[in-house]
Structures are given as C-alpha cells and as structure tokens.
Amino acid sequence: MSRISFRMFALGICLCLALWAGMAYLLQMPVIPSPVQVLLRLAAKFPDTIAVHAGYSLMRIVLGLFAAVAVGYPIGVLMGYFPRVNRLLAPLLYLTYPVPKIALLPVVMLLFGVGEWSKLILVFLIIVFQVVVAVRDAVAAIPSETYAPLRVLGASFVQIVRHIIVPASLPKFITAVRVAMATAISVLFFTETFGTQYGIGYYIMDAWLRVNYLDMYAGIVVLSAMGLLLFVLLDWTERRLCAWNRT
C-alpha cells in the first residue's frame, strides 16, 4: 500500500482552495464566496455552533460503523469458512445487498421514527453489507492448506480465526469500510435533514434555506474535513495492522 504523505495532502488542499478562489474571483457571485470569507466564518462559528453539529454527525457514523463491524465481520467469517453457512445466507445476501439503502429510508423512519435510531440504522445498513461480502470473499480465498499446521496442532476455531482468518481478511475488510464510508457520509447528510436539529447535514440545509452562503460553505468544508479525517484514520489503521501487505 502506498503511503500518502502530509505534503501531498497539503498540496491537494492548496490546489482545491486555489481553484475555489479562482472561481469566486471570476464569477463574482454571492453563491460562490471566496475561501477566505468562508474560513473566517468557520473559525468564528466552529467553537460554539459547528463543532456541536459535527460531533453529532461523527457520533452517528462511528456508532453505525462499530455496529456494522460487530455484526458483519463474524457473519462474513462464518460464510467464508463454512460452505454450508454460505449456502444458507448467500441467497438472502444477494437479494438485499443490491437494494439502494437510501430507498429504505421511508421504511426505516416508519419503523424506528425520525430520531437517532433511523440515522444509525441507515449507516449500519450501508456498511454492514460491504463488510460481509468483503470478509466472506477474503476468507473463502484462503488456501485450504494454510489451515493444516494449526489443525494438526489441535487448534480451535477461535485460534484459527485469530491467527489465520483475521490477518488474511484485514486488507479487504478495511478497503470495504473505506469504500462504504463515503456512501455512509452522503446518506447521513440526507437523513440529517429529517427529524433533527443537530448534524452537519441539518446545518448545511438550514443555512441554504436562510440564504446564508457563508454558513453553508463552512458546513461543507467541515463535512469534507470529517471525511478526510475518517479516511486518514483508516489509512493509519491499515498501515499499523497490515504492514506485511505493503508493496
């Protein structure tokens, strides 16, 4: 895995800000304020307002992620290791996985209300299927002879999972979470416009309805920074746990 340095991140951010500043200068429209104005507004409102909304959004993503991993990872391991479990659960997985999770929003809200539970469940549904499929495929791809030494030594299934299955499945698992995270953030933004007064999605849409473009762009910048933070944490986790997989 190639390591993206801090210098490359800084260069990418500077390039985006330069393009943004150029568009603001050329168009001279209130709907595209300059990045300097937005960053000044962000600095003024972040401590007492935007930070609260960002905290709620991060909490929903993290809780949904942990729930999806706690449920999806064991199911993926069982499906990949035991062919009988895979034959039993694969039809259900193939029927439900292709369904766009945002299409389930009305059903989820009818069942669990418009509060926190519906938002957490949608984030959970987006990530859990990716985790199950990635882990199942990673475990199924492990050559059968890899298990032979531990089996000869009388290792239990838990020991096989710890010493073989977890290390072998981690790269695909982390990749699946990384792919699902972008979709989860997008859907969370949409769900936060319903039944809540806290969250970056609510903050951005509220600013848009008030025709407050500085606040709106400040929220967008924070949402982008949240996504960047989560991706950096995933890259750091992959470097720490999958150092043997670097090329």
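Residues numbered from 1 in each chain as written. Predicted model: local features only at pLDDT ≥ 70, side-chain atom pairs only at ≥ 80, totals over all residues. Heavy atoms only, no water.

## Looking at the packing of helix 3 (residues 83-96) against helix 5 (residues 116-140)
Interhelical geometry of helix 3 versus helix 5 gives an angle of 140° and a closest axis separation of 12 Å. Regarding the angle of helix 3 to helix 5, the classification is oblique. For the pair helix 3 and helix 5, the crossing hand works out as left-handed. Listed contacts from helix 5 to Asn 86, Ala 90, Leu 93, Tyr 94 and Thr 96 of helix 3 are Phe 129, Val 132, Val 133 and Arg 136. (Axes fitted to C-alpha atoms, helices over the stretch in contact; angles between N-to-C directions. Helix = DSSP H or I, 4+ residues; strand = E, 2+ residues; numbered from the N terminus. Parallel < 35°, antiparallel > 145°, perpendicular 65-115°, else oblique. Left-handed = near helix turned anticlockwise from the far one by under 90°. Contact = heavy atoms within 4.5 Å.)

## Observations regarding the UniProt feature "transmembrane region" (unreviewed entry) in the protein
Listed under "transmembrane region" (unreviewed entry) in the UniProt record, and renumbered for this structure, are residues 57-82, 94-114, 120-142, 179-204 and 216-236. As a span, residues 57-82 carries 96% helix and 0% strand, and end to end its C-alpha atoms are 37 Å apart. Summarising residues 120-142: 91% helix, 0% strand, and an end-to-end C-alpha distance of 33 Å. (UniProt positions renumbered as here; feature names shortened; annotations may be inferred.)

## A closer look at the environment of Ile 75
You can see Ile 75 is positioned in helix 2 (residues 35-81). Sequence separation between Ile 75 and Val 211 is 136 residues, and the spatial gap between their C-alpha atoms is 47 Å. The residues contacting Ile 75, other than those within four sequence positions of it, are Leu 89 and Val 132.

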